Amino acid sequence: MLSVLSYGRLVARAVIGGLSQTDGRDYSLVTASCGFGKDIRKGIQKKGMCYGDDACFIARHRSADVLGVADGVGGWRDYGVDPSQFSGTLMKTCERLIKEGRFVPSNPVGVLTTSYYELLQNKVPLLGSSTACIVVLDRQSHRLHTANLGDSGFLVVRGGEVVHRSDEQQHYFNTPFQLSIAPPEAEGEVLSDSPDTADSLSFDVQLGDIILTATDGLFDNMPDYMILHELKRLKNTNYESIQQTARSIAEHAHVLAYDPNYMSPFAQFACDNGLNVRGGKPDDITVLLSIVAEYTD
Amino acid sequence: MERRQSCYMNTYFEEVKPSCMWLGLSGTRGEALSSRRAVESGQRTALPVSVEIDQYAIEVLDFSSHYGSENSMSYTMRNLAGGPNVYPSFGDFTQTAVFRAYGTWWEQCASAPPPFHRTPKSFHSQDYIELAFEEPVYPTAVEVLETYHPGAIVQITACSLNPFSQNPPADVRWEVLWAGEPTKVLTPQARQFSPSIKQLSFPTNLIRLEANSSLLKYYTELDAVVLRGQRERPIMSLYKMPRIDICDLSDSDEELLDPGTSFRRAGDEKYMDLVNGYFDRLPYELIQLIVSHLTLPDLCRLAQTCKLFHQHCCDPLQYTQLSLQPYWPRLNDSSLGYLQSRCTLLQRLNLSWTGGRGALTLTGFSSFMKACGGNLVCLELSCCHFLNEVCLEVISQTCSGLQELNLSSCDRLHPQAFTHISNLTRLRRLVLYRTKIEQTAMLSILTFCTELRHLNLGSCVMIEDYDVVVSMLAVRCRSLRSLDLWRCRNLTERGLAELAVGCRLLEELDLGWCSTLQSSSGCFQHLACNLPHLRKLFLTANRTVCDSDIEELAANCHALQHLDILGTRMVTSTSLRKLLQACPKLLLLDVSFCSQVDARIVQELSGLFPNVAIKKSFTQ
């Protein structure tokens, strides 16, 4: 039986909880990006938001903030196709879709489907494939809607703990689900997953939640506890500190990737599957770090 | 000959000089004084009366055609809204607005209708776009950002109606801000086209661009349109009252009073015979011939001069062909009504682009059709948004002999309306580009309209299964000469095979962006073998076209004139060389984005075959 005091405390907490709920206020994502291409060519950024064969975008719309990452599948290089073209065009198309408002915040898979369809409308015969991960924050409803196809993904961190994460989609080892456009002669042989096979997750977010969207270059080299450790350094919601943290995470992952003795998550997974390997996984790394904040114009 | 004064003379008033009182409303006294001096010396001053604002279009309201797919962002007219995506880059980009056609290639085809008589020389427009802006302003400039093959804009008009207003006024005026000739710009650079525009007496946020791409070497592409203007009416504008535009049909049809005795001079026997001067000496047919060269407004004006010319100008023989498209802003139910009595022998009628925003209604249209549609052979109704199902029913009932029907871009027409077309069993040419026709209506039309020669089903997105439609065509419409299946989503080699066997007389076939056709099925080779009369073949963006297909065309289709194989990676210069040698009549070859045909090969082939325009578009 509750004492009056504890009952009172409960009521007070509920009332204060109700008062501090900023239901009327719109949320937004303050996002910074950083990354490294696998072979550091001239400079880090090829043409804005592209790191090696990875690509990403950050877009704002009246109703939503949207992020995306795409990891171009490197195997195409052997066939004379530049893998960064597909991922880059996919992300640019998603960005354009968002800017023109041709999307529904609660349907991020729709963003992927429409963008993929738009890629086929290009006169230029695009070839290649990539993974894709789209994160949409609905400003008004405070819900985060995500779509993930492949082995890129996101983490949501609250109070120093991972509260949500995406699932990896793999066909088999090192072969993630991927959107692709194949040359006609190889149509049957090339892996091509439909955009609607993307995994979709929606959940509420709170002010102060940290969302980390990245390609497998990060997750294969940095386990959760290291990422969380870096994120502890994030003190406030201003862009500079987010940028700094994103950079330090990307740099750390980059260093680990080339450490031959380090037992990376990738190496761990390989060992679990019977392959005796050690070391990091050199790969393109793309990191988008966001914090849920109040919307200011 | 005595002439009745025409009601509309070319007049313009002298410059209106505003009085000093107006100047006192703004600016300092010192400025006012100097402005007054400036006014009196006939100059403009820079009084900071009104702020100029720049706006990009916020919405594309209507347009006649585009290259891209409905609902897509690539090469569609919706890209003209908002700011520039590409400018100042020059190239073939997806984020621009592109029309369906360019040059004269489409006009050269047998499927193109001959031009209408009496088309005024000043009317060049082939396509149009209507753009809405946020705020109505008094325009001072309209800038069009052209990012590929500039030079297509031929007219800019402004409307007095605010498309977003809740209470639209009854009176809608369109004023021409600028009109010009189609040009082609030789330097390969993006261009900011900003002709000097007329001053308007009303604010506008609805601008219409009209374009003509006939001189261009490739598709023109537009990135954005800027409307610059002032919120307040410029009081310092020393404007000339515009010439009252006498191209006003609704006023030109007033019945002439019976001249009676006023034409006769009393007592002058000689003049009794020559009431119309020496025109009376000319045979009737000769005057008819002379008058047949006048444009329609001139014809209407001449009709008001005297009884003789009234008789000639209202003779139904002058109205066997009637094109009202150049006069689209002024055509309404009453003007159509006035023309009714003269159009009883009408055979070809062009109402394309007319009747929008309530100018033409079912009543006016059906009254005209019932009076004049009996002998109609050709009816052009492109972009006629006033059309509804009942209008189509009226057409099907009154125009039993109709051979040509163009409903291009009538995208607001309900699918049910198309069922009436099957009653027009003599149809030879049917254009349904960008309409919402459904499969059942289409099959019904094909069942009954077996004399079809030219059929355009480009971008008809509501047809579910093109194989079924094409199959029916192959069985019922054996005289088919041209078929446009631009962007038909699900045509496969099955349908194509039946088409090749059933419609042996086929000369033109547009299979652009039909992504479901696979060369590996042999469908293109089968096509080439079975259609020796083929003159035009578009396989745009079919990524499977390969050397064997080209070689088969070279072996069989020696009449080939137009070929588009944009975007395939499988065709090399070897097969192209064979094609160019085997097809002496080839005029157009589009190898844009064909990765194995680079600029060097194009240059070499152009040198060897100078009669062929080899197109190689590029993005960067």
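Source: prediction; values computed, not measured. (Residues numbered from 1 in each chain as written. Chains lettered and ligands numbered in written order. Predicted model: local features only at pLDDT ≥ 70, side-chain atom pairs only at ≥ 80, totals over all residues. Heavy atoms only, no water.)

Asks: What's the story with the overall build of chain A in this structure? I'm lost.
Replies: What chain A contains, in helices and strands, is seven helices and 15 strands. When each of the 297 residues of chain A is scored for burial, the buried share is 53%. Pairs at least 24 residues apart make up 71% of the contacts formed inside chain A by residues separated by at least 6 positions. On chain A, roughly 13800 Å² of surface is accessible, and the fraction owed to carbon and sulfur atoms is 53%. (Helix = DSSP H or I, 4+ residues; strand = E, 2+ residues; numbered from the N terminus. Buried < 20%, exposed > 50% of the residue type's maximum accessible area, 1.4 Å probe, protein only. Contact = heavy atoms within 4.5 Å. Areas by Shrake-Rupley, 256 points an atom, 1.4 Å probe, with all protein chains shown as cover.)

Asks: Got a minute to help me understand the overall build of chain B in this structure?
Replies: In terms of regular secondary structure, chain B is built from 18 helices and 21 strands. For chain B, the computed accessible surface area is about 26900 Å², with 52% contributed by carbon and sulfur atoms.

Asks: Would you take a moment to explain empty space enclosed by the protein for this structure?
Replies: Over the atoms rolls a probe the size of a water molecule, and its path tells where empty space is left. Here the structure, examined in full by the defined rule, presents four cavities of 30 Å³ or more. Along the walls of the second largest cavity sit Gln108, Cys109, Ala110, Glu507, Glu508, Arg535, Lys536, Gln561 and His562 of chain B, which together make up its complete lining. (1 Å grid on protein atoms, 1.4 Å probe; cavity = no way out; pocket = protein on both sides within 12 Å on 5 of 7 lines; lining within 4 Å. Points joined across faces, edges and corners; volume = space filled by probe spheres on them.)

Asks: What should I look at first to understand the pattern of salt bridges in this one?
Replies: If charged atoms from side chains of opposite charge come close, those side chains can pair. All names here are of chain B. This structure, assessed with the given rule, holds 39 salt bridges over all chains. Arg535 is paired through a salt bridge with Glu507; the nearest N and O atoms lie 3.4 Å apart. In this pair, Arg535 sits in the loop between helix 15 (523-530) and strand 18 (536-538) while Glu507 sits in the loop between helix 14 (493-502) and strand 17 (508-510), placing the two residues 28 residues apart along the sequence. For Arg535, a relative accessible area of 34% corresponds to the partly exposed category. Between Glu604 and Arg577 there is a salt bridge whose closest N-O contact spans 2.6 Å. Here the residue Glu604 occupies a position in helix 18 (residues 599-608), and Arg577 occupies one in helix 17 (residues 573-582), the gap between them amounting to 27 residues. Accessibility expressed as a relative area gives 33% for Glu604, which makes it partly exposed. One salt-bridge network, in which partners are shared between bridges, spans Asp62, Glu70, Asp411, Arg412 and Arg434. (Salt bridge = Lys/Arg side-chain N within 4 Å of Asp/Glu carboxyl O.)

Asks: Would you mind showing me how to read the side chain of Gln121 of chain A here?
Replies: If you trace the backbone, Gln121 of chain A turns up in the loop between helix 3 (108-120) and strand 5 (128-130). Taking relative accessible area as the criterion, Gln121 of chain A reaches 8% and is therefore assigned buried. Here Gln121 of chain A is in contact with Ser69, Ser72, Ser74, Tyr75, Arg487 and Trp513 of chain B, once residues within four sequence places are set aside.

Asks: Just to check I follow, could you spell out the interface of chain A and chain B for this structure?
Replies: Frequently, the measure chosen for interface size is the accessible area removed from exposure when the parts meet. With 18 residues of chain A in contact, the opposing surface of chain B contributes 26 residues. Here chain A and chain B share an interface that buries about 1900 Å² over both sides, 52% of which is from carbon and sulfur atoms. Contact with chain B buries area across many residues of chain A, yet Arg96, Gln121 and Lys123 of chain A alone supply 41% of it, more than any other trio. Linking chain A with chain B are one salt bridge. Asp92 of chain B is the salt-bridge partner of Lys123 of chain A, the closest N and O atoms lying 2.9 Å from each other. (Buried area = accessible area lost by both parts, 1.4 Å probe.)

Asks: Explanation requested: the sheet that holds strand 3 (residues 54-60) of chain A in the structure shown.
Replies: All names here are of chain A. An order of 2-3-4-6-7-13 is seen for the six strands of this open sheet, with the pairing classed as antiparallel. The open sheet has two edge strands with one neighbour each: strand 2 (50-51) and strand 13 (199-204). Note that strand 7 (residues 143-149) and strand 13 share six bridges and pair antiparallel. The residue of strand 13 that forms the bridge with Ala147 is Ser200. Along the sheet, helix 2 (residues 83-99) contacts strand 2, strand 3, strand 4 (64-71) and strand 6 (132-138); its crossing angle with strand 3, the most-contacted strand, is approximately 5°. (Pairing = 2+ DSSP bridges. Axes fitted to C-alpha atoms, helices over the stretch in contact; angles between N-to-C directions.)

Asks: Explain the packing of aromatic side chains here, please?
Replies: What describes a pair of aromatic rings is the distance from one ring centre to the other and the angle between the planes of the rings. Residue and element names in this part refer to chain B. For the coordinates displayed, the defined rule picks out 22 aromatic pairs over all chains. Consider the rings of Phe123 and Trp353, whose centres lie 6.4 Å apart with planes at 65°: the pair is edge-to-face. Here Phe123 is found in the loop between helix 3 (105-108) and strand 4 (127-148), whereas its partner Trp353 is found in the loop between strand 11 (348-350) and helix 10 (362-372), with 230 residues between them in sequence. For Trp353, a relative accessible area of 6% puts it in the buried group. Pairwise contacts between aromatic rings join Tyr67, Tyr75, Phe90, Tyr102, Trp106, Tyr148, Tyr218, Tyr219, Trp486, Trp513, Phe538 and Phe618 into one cluster. Directly above the ring of Tyr128 sits Arg208, whose terminal nitrogen or CZ lies 3.8 Å from the centroid. (Phe/Tyr/Trp six-rings, centres within 6.5 Å; stacked < 30°, edge-to-face > 60°. Lys NZ or Arg CZ within 6 Å of the ring centre and 35° of its normal.)

Asks: What should I look at first to understand the pairing of strand 4 of chain B in this one?
Replies: In summary, the side chains of a regular strand alternate between the two faces of the sheet. All names here are of chain B. Of all 22 residues in strand 4, 18 are buried, a share of seventy percent or more. Sheet topology note: the strand 2 (residues 59-63)/strand 4 ladder contains four bridges and is antiparallel. Bridge pairing links Val60 to Leu131 in strand 4. Note that strand 4 and strand 8 (residues 204-211) share seven bridges and pair antiparallel.

Asks: Sorry if this is basic, but what is going on with the side chain of Thr93 of chain A here?
Replies: On the secondary structure map, Thr93 of chain A appears in helix 2. Here Thr93 of chain A falls in the buried class, since its relative accessible area comes to 11%. Not counting the four nearest positions on each side in its chain, Thr93 of chain A is found in contact with Ser115, Glu118 and Leu119 of chain A together with Met73 of chain B.

Asks: Explain the confidence of the model for chain B here, please?
Replies: Any residue range with low pLDDT should be treated as having predicted coordinates unsuitable for detailed reading. Residue and element names in this part refer to chain B. When pLDDT is averaged along chain B, the result is 87, and 85% of the positions lie at 70 or above. Note that pLDDT drops below 50 for residues 38-42; the model gives that stretch seven contacts with residues more than four away or on any other chain. For this predicted complex, the interface confidence score (ipTM) comes to 0.85, while the overall pTM stands at 0.86. (pLDDT = per-residue confidence, 0-100.)

Asks: I would appreciate a short explanation of the nonpolar core in the present structure.
Replies: Within soluble globular proteins, side chains that are nonpolar generally end up buried alongside one another. Formed by 113 residues in total, the largest nonpolar core has its most connected members in Leu387, Leu407 and Ile421 of chain B. When residues of this core are assigned to their parent elements, the largest contribution, five residues, is made by helix 12 (residues 439-448) of chain B. The residues contacting Leu387 of chain B, other than those within four sequence positions of it, are Phe365, Leu381, Leu392, Leu407, Cys410 and Leu413 of chain B. Counting residues in each nonpolar core, the second largest holds 34 residues, with Cys50, Val81, Phe86 and Leu119 of chain A among its members. (Core = buried A, V, L, I, M, F, W, Y, C linked by side-chain atoms within 4.5 Å.)

Asks: Sorry if this is basic, but what is going on with the sheet that holds strand 18 of chain B here?
Replies: Residue and element names in this part refer to chain B. Taken together, 12 strands build an open sheet; the order of strands is 10-11-12-13-14-15-16-17-18-19-20-21 and the sheet is parallel. Here the strands that pair on one side only, and so sit at the sheet edges, are strand 10 (321-323) and strand 21 (613-615). Across the sheet, the mean angle separating the axes of adjacent strands is 5° when strand polarity is ignored. As paired elements, strand 10 and strand 11 share three bridges and run parallel to each other. Bridging from a neighbouring strand, Gln321 pairs with Arg348 of strand 11.

Asks: Where do I start with unusual backbone geometry in this structure?
Replies: Excluding glycine, a negative phi dihedral is what most residues carry, and trans is how most peptide bonds are arranged. Note the cis peptide between Tyr87 of chain B and Pro88 of chain B, where omega equals 5°. Inspection of the secondary structure puts Pro88 of chain B in the loop between strand 2 and strand 3 (97-98). The phi dihedral of Asn174 of chain A is positive, around 60°, even though this residue is not glycine. Turning to its location among the elements, Asn174 of chain A is positioned in the loop between strand 10 (170-172) and strand 11 (175-176). Looking at Asn174 of chain A, the relative accessible area reads 46%, which means it is partly exposed. In the Ramachandran plot, Arg357 of chain B falls in the positive-phi region, its phi being about 55° despite a non-glycine side chain. Turning to its location among the elements, Arg357 of chain B is positioned in the loop between strand 11 and helix 10. Look at Arg357 of chain B and you get partly exposed, because its relative accessible area is 42%.

Asks: Please clarify how the packing of helix 5 (residues 224-231) of chain A against helix 6 (residues 239-257) of chain A should be interpreted in this entry.
Replies: Any two packed helices are characterised by the angle at which their axes cross and by the distance between the axes. Residue and element names in this part refer to chain A. Contact geometry of helix 5 with helix 6 gives a least axis separation of 9 Å together with a crossing angle of 145°. Judged by the twist between their axes, the crossing of helix 5 over helix 6 is right-handed. Only Thr245, Ser248, Ile249, His252 and Leu256 of helix 6 make contact with helix 5, whose side of the interface consists of Met226, Glu230 and Leu231. (Left-handed = near helix turned anticlockwise from the far one by under 90°.)

Asks: Quick question: what am I supposed to make of helix 16 (residues 547-556) of chain B here?
Replies: All names here are of chain B. Along helix 16, the residues that are buried comprise Asp547, Asp549, Ile550, Leu553 and Ala554. Mapping the buried residues of helix 16 onto a view down its axis gives an arc of 165°, with all of them on the same face. Packed against the buried residues of helix 16 are helix 15, strand 18, strand 19 (562-564) and helix 17. (Arc of directions from axis to C-beta.)

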